[in-house]
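The primary structure of each chain is shown beneath.
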Amino acid sequence: MRKAVPAVLLALAVFLLYRKVTRLWWTFDDVYHLKVAVAHDWTLPFTDKVVWPQNLFTPLLSATHELLFAAFSIDAARWYAVHLALLVLASLGVLAALRLYVPRPAALAGAFLFAAGVPLSATATQIMVIHHLEAILLGSLSLVLYVEGVRRHRQWMSILSALLYLAAILAKGSAILLPLFLLALPERDLEKRLRHLIGHLVAVVAFIGWRWMVFGTLSGAYGGFALAPHELPLLIVTLPFKVIAACAGAAPAAGLALIAVMLVAAATLFRTRRHAALAVIGLLLVLAPLIPISKALKPTDAVVPWLWMCALFAVGIEHVRWRNAVILLALAFAGIANRQEWTAEYNRARRMSEEARFFVGMGGDAILRHPRIPPATMSELVWLKEIHLQRPAGGQWFYDDLFLCNAQFSGKRLFEFDDERRQVVEITARVPDLAARYCAEIRLDAPLRAEFHHRDQALFWRFGPYESGKWSVVIANGLQAFEVPREDGFRLAGLNGIALRVRYQAPEGWVTYSPEIALDFAREPDRVWRR
């Protein structure tokens, strides 16, 4: 009975930390995944590349969404209940893996730090990353079975471990590196470890062959900012600092203090070469998959590095002189950082949820201003409203107030989310004042320059002549708007061209726009516009 106490305490803690997620609705890219689940049979993501426009292959994610849709339709509360259950199970999987090597108090501390960390706080509010939790759960169980198989000379455990490992890869491709970590574990001799890894190697070959049959290629690319070859060295050097920032969270004081305490415990592992080598090898394995997306690293991307830091803490804390005091200090900082990050993440997700609910229910005369929902998601909400739910068409939205300077508002009602009231409210009476004030601030004659270069399905740009200030790309007179760096690139797979405006906001507050610039990637891959 006493052996079950840490698991019960951890499950209860995770539930209490994140129980409010069941109040949320569809956010971020959830509706896109819902649309895929509605449109396709659950087997299609395993066999047809039409489901994967970027050649990413995570079919277990789509299968999970298909199962949830079959069970709960679009009842978001029940989807989130399953998401919460997976948060609990993934944390318990981490606890089970840590118990292989450290006593219960250290294992419980490490698993709680993982569950309460900033990356998990962000993951808790996003159904679209449920496959991160599946991969951690499956990977943890695979590790436990592998170690027990080696220790007890049970080949069937290693075979089951290999099957769970294959499932983890199908959930999240970066799990493919797990056998390298298993090989480095201090279990018996190298020959025995290799013998028990045969099934995992077969799983790797099977996954690679499977992926090749679906796509005809092994390459894939995340959407987002493009990576130019000359940027690679700097991205590699700065990646650890970006991971630390992502793990520190929105209020970094407590987060950085927690990381400092964890590093004190982890530093004790460098007293022996074997432990130091394992720590470094593990760090390289968890950081390598993040390089392609490191330009815009999010807390949800740092889940696996955070897990590794928690594991190092749990192992290293056994060698710290004031072990119990350090554990309590780490738990205290974790609690503070979790509540700060959770408040920010939950409020952001709650706003998106309220805006999405309002949009799906609003009439054709309504316009939603400055939603927090990502611009690409709005078209998916149109599908949910008009196609799936068969509600009356109509309703507009905009992300940039340039829309106020060009649109006709006769007979229209304008709405916006009110942070104080935490709901969408009508602001139609304010439209004339908002439009007059904003449009008067626009300087149409201010100098502006934009260079565009299209290479390998990515659009690179450089804006000027100003060094400071904020830059945005505006589409369809404000229907969509994206704040971007002054110089960077973005992947636009499948697009032959795009029409956009460049928006610049000076530190003093004035704004200028370019006229709409029509880019044709095939005929004119390099384009320079200036005023």
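What counts and how
- Residues numbered from 1 in each chain as written.
- Predicted model: local features only at pLDDT ≥ 70, side-chain atom pairs only at ≥ 80, totals over all residues.
- Heavy atoms only, no water.
- Salt bridge = Lys/Arg side-chain N within 4 Å of Asp/Glu carboxyl O.
- Helix = DSSP H or I, 4+ residues; strand = E, 2+ residues; numbered from the N terminus.
- Buried < 20%, exposed > 50% of the residue type's maximum accessible area, 1.4 Å probe, protein only.
- Pairing = 2+ DSSP bridges.
- Disulfide = S-S within 2.5 Å.
- Core = buried A, V, L, I, M, F, W, Y, C linked by side-chain atoms within 4.5 Å.
- Contact = heavy atoms within 4.5 Å.
- Axes fitted to C-alpha atoms, helices over the stretch in contact; angles between N-to-C directions.
- Parallel < 35°, antiparallel > 145°, perpendicular 65-115°, else oblique.
- Left-handed = near helix turned anticlockwise from the far one by under 90°.
- Nonpolar A, V, L, I, M, F, W, Y, C, P; charged D, E, K, R; others polar.
- Patch = residues over 30% accessible without salt bridge, like charges linked within 9 Å, V, L, I, M, F, W, Y side chains within 5 Å.
- Areas by Shrake-Rupley, 256 points an atom, 1.4 Å probe, with all protein chains shown as cover.
- Expected span 1.5 Å × (residues − 1).

Quick look at the pattern of salt bridges
- As enumerated under the stated definition, the model contains 23 salt bridges in all.
- With a closest N to O distance of 2.7 Å, R462 and E451 form a salt bridge. One end of the pair, R462, is in strand β6 (residues 458–464); the other, E451, is in strand β5 (residues 449–455), and eleven residues separate them in sequence.
- Note that D526 is salt-bridged to R455, the shortest N-O span being 2.9 Å. On the criterion of sequence distance, the pair formed by D526 in strand β13 (residues 526–530) and R455 in strand β5 is long-range, its members being 71 residues apart.
- Given a relative accessible area of 39%, R455 falls into the partly exposed group.
- Each of R449, E451, R462 and E487 takes part in a single network of salt bridges with overlapping partners.

Some points on the pairing of β6
- Counting buried residues along β6, six of its seven residues qualify, which places the element largely inside the surrounding structure.
- In terms of strand pairing, β5 meets β6 through seven bridges, oriented antiparallel. Its bridge partner lying in β6, E451 is registered against R462.
- Across five bridges, β6 lies against strand β9 (residues 487–491) in antiparallel orientation. Across the sheet, residue W461 finds its bridge partner in β9, namely D488.

Concerning the state of the cysteines
- Going through the model one piece at a time under the given rule, you end up with one disulfide.
- The residue that forms a disulfide with C405 is C439, at a sulfur-sulfur distance of 2.0 Å. On the sign convention where negative means left-handed, the S-S torsion of about -105° between C405 and C439 marks this disulfide as left-handed. In this pair, C405 sits in helix α19 (residues 402–406) while C439 sits in helix α20 (residues 431–440), placing the two residues 34 residues apart along the sequence.
- Under the relative-accessibility criterion, C405 is labelled partly exposed at 30%.
- Residue classification places C439 among the partly exposed positions, given a relative accessible area of 25%.
- C247 forms no disulfide, and the closest cysteine sulfur to it belongs to C310, at a distance of 8.3 Å.

Section: the nonpolar core
- Judged by nonpolar contacts, the single largest core of 144 residues is most densely connected at Y18, W26, W306, F313, L381 and L384.
- With twelve residues, helix α5 (residues 76–98) is the single largest residue contributor to this core.
- Not counting residues within four places of it along the chain, the set of residues in contact with W26 comprises V31, L34, I74, A76, W79, I127, M352, S353, A356 and L384.
- Judged by nonpolar contacts, the second largest core, of 22 residues, contains W471, V473, V502 and W529.

A closer look at the packing of helix α14 (residues 252–267) against helix α17 (residues 323–361)
- Relative to each other, α14 and α17 sit at 155°, their axes nearing to 8 Å. It follows that α14 is roughly antiparallel to α17 by the angle criterion. Considering only the axes of α14 and α17, their crossing is left-handed. Across the interface between the two elements, A254, G255, A257, L258 and V261 of α14 pack against V326, L329, A330, F333, A334, I336, A337 and Q340 of α17.
- The residue inventory of the contact of α14 with α17, partitioned by class, reads eleven nonpolar, two polar and no charged.

Details of a nonpolar patch on the surface
- On the surface, a nonpolar cluster with roughly 410 Å² of combined accessible area is contributed by W156, I159, L160 and L163.
- Within the secondary structure, L160 sits in helix α9 (residues 155–171).
- Given the relative accessible area of 34%, L160 is considered partly exposed.

Some remarks on helix α4 (residues 59–72)
- Taking 1.5 Å per residue as the helical rise, α4 with its 14 residues ought to reach 20 Å, and the 20 Å between its terminal C-alpha atoms agrees with that figure.
- Those residues of α4 hidden inside the fold are in contact with α2 (30–39), α3 (44–47), α5, α8 (130–152), α9 and α18 (375–388).
- The positive-phi residue at the C-terminal boundary of α4 is S73, with phi of around 55°.

Some points on the environment of Y165
- Summarising the element assignment, Y165 is placed in helix α9.
- Apart from residues lying up to four places away in sequence, Y165 is in contact with S142, A175, I176, L178, P179, H200, A203 and V204.

A closer look at the sheet that holds β9
- Ordered in space as β9-β6-β5-β13, the four strands form an open sheet in which the pairing is antiparallel. Edge positions in the open sheet fall to β9 and β13, since each of these has one partner strand only. The mean angle between the axes of side-by-side strands here comes to 15°, regardless of whether they run parallel or antiparallel.

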